[in-house]
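Here's the letter readout for the chains.
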Amino acid sequence: MDDVVKMGFPPVYDSNSKVLILGSFPSVKSRQVSFYYGNPQNRFWKMLFSVFGSPFLESIEERKAFLLSKGIALWDIATECTIEGSKDATLSNARIADLTPIFSAAKIEKILLNGALAYELFCKAYGNISIPHLKMPSTSPANPRYREDAWKEQLDDLR
């Protein structure tokens, strides 16, 4: 068991953000590259660029600019935790993200939760929120039930 507390990344958002996508916590590969969905096997960036018909962007700065240009805010519901490798099942002692700064700066119309753990942690902390929030199929390569069409349907109004 890895007892070292791991830290996540700061959120990406601005006043034009309309959809907030929350993951659970960055994977080992994401922590190595210091940005969200850094594992090339994770479907997140491929899905997002596909939904918007965009070429694949590699750099962190390009990805941040892309998110903001599409009205997407991105963060993880756990900002720090104890975790073994990248396994959500081992995540414990999570510090839950304070979403107030995002809600104060932007008019978030929908929250998409990338996977079961993100949804579970979000509902425990923010279950009574009036903003629609949906559990989405995890983009993790470990998820055999991933469905890009579910993501496309929820992001369609931003296209």
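About the cut-offs
- Residues numbered from 1 in each chain as written.
- Predicted model: local features only at pLDDT ≥ 70, side-chain atom pairs only at ≥ 80, totals over all residues.
- Heavy atoms only, no water.
- Helix = DSSP H or I, 4+ residues; strand = E, 2+ residues; numbered from the N terminus.
- Rg over C-alpha atoms; globule rule 2.2 N^0.38 Å.
- Buried < 20%, exposed > 50% of the residue type's maximum accessible area, 1.4 Å probe, protein only.
- Contact = heavy atoms within 4.5 Å.
- Areas by Shrake-Rupley, 256 points an atom, 1.4 Å probe, with all protein chains shown as cover.
- Lys, Arg positive; Asp, Glu negative; His and termini not counted.
- Charge placed at Lys NZ, Arg CZ, Asp CG, Glu CD.
- Salt bridge = Lys/Arg side-chain N within 4 Å of Asp/Glu carboxyl O.
- Pairing = 2+ DSSP bridges.
- Axes fitted to C-alpha atoms, helices over the stretch in contact; angles between N-to-C directions.

Peer 1: I tried to follow the overall build of the protein chain on my own but got confused; where do I start?
Peer 2: From N to C terminus, the protein chain includes six helices and seven strands. The C-alpha atoms of the protein chain give a radius of gyration of 15 Å, which matches the 15 Å a tight globule of 159 residues would have. Along the first, second and third principal axes, the C-alpha atoms of the protein chain reach 45 × 35 × 30 Å. Across the 159 residues that make up the protein chain, the buried fraction comes to 47%. Restricting the contact set of the protein chain to residue pairs at least 6 apart, pairs at least 24 apart contribute 63%. Per element, the accessible surface of the protein chain, about 8,000 Å² overall, is 51% carbon and sulfur. Distance from the positive charge centre (19 side chains) to the negative charge centre (18 side chains) of the protein chain: 3 Å.

Peer 1: Is there a simple way to think about the pattern of salt bridges in this case?
Peer 2: A side chain with one charge can pair with a side chain of the opposite charge if their charged atoms come near. The full count for this structure, using the stated rule, is eight salt bridges. K87 is paired through a salt bridge with E84; the nearest N and O atoms lie 3.3 Å apart. A salt bridge links E120 to K124, with the nearest nitrogen and oxygen atoms 3.5 Å apart. Of the two residues, E120 and K124 both sit in helix 5 (residues 116-126), four residues apart, roughly one turn of that helix. Here E120 falls in the partly exposed class, since its relative accessible area comes to 40%. Owing to a relative accessible area of 66%, K124 belongs among the exposed residues under this scheme. One salt-bridge network, in which partners are shared between bridges, spans K152, D156 and R159.

Peer 1: What exactly am I supposed to notice about the sheet that holds strand 4 (residues 78-82) here?
Peer 2: Either a parallel or an antiparallel arrangement is found when strands of a sheet pair, and the pairing is made through backbone hydrogen bonds. Spatially, the three strands line up as an open sheet ordered 1-4-5, and their pairing is antiparallel. Only two strands of the sheet have a single neighbouring strand rather than two, namely strand 1 (5-7) and strand 5 (92-96). Ignoring which end each strand starts from, the neighbouring axes of this sheet average 20 degrees apart. Bridging between strand 4 and strand 5 involves three bridges; their strand directions are antiparallel. Each residue of the ladder has a partner; that of T82, found in strand 5, is S92.

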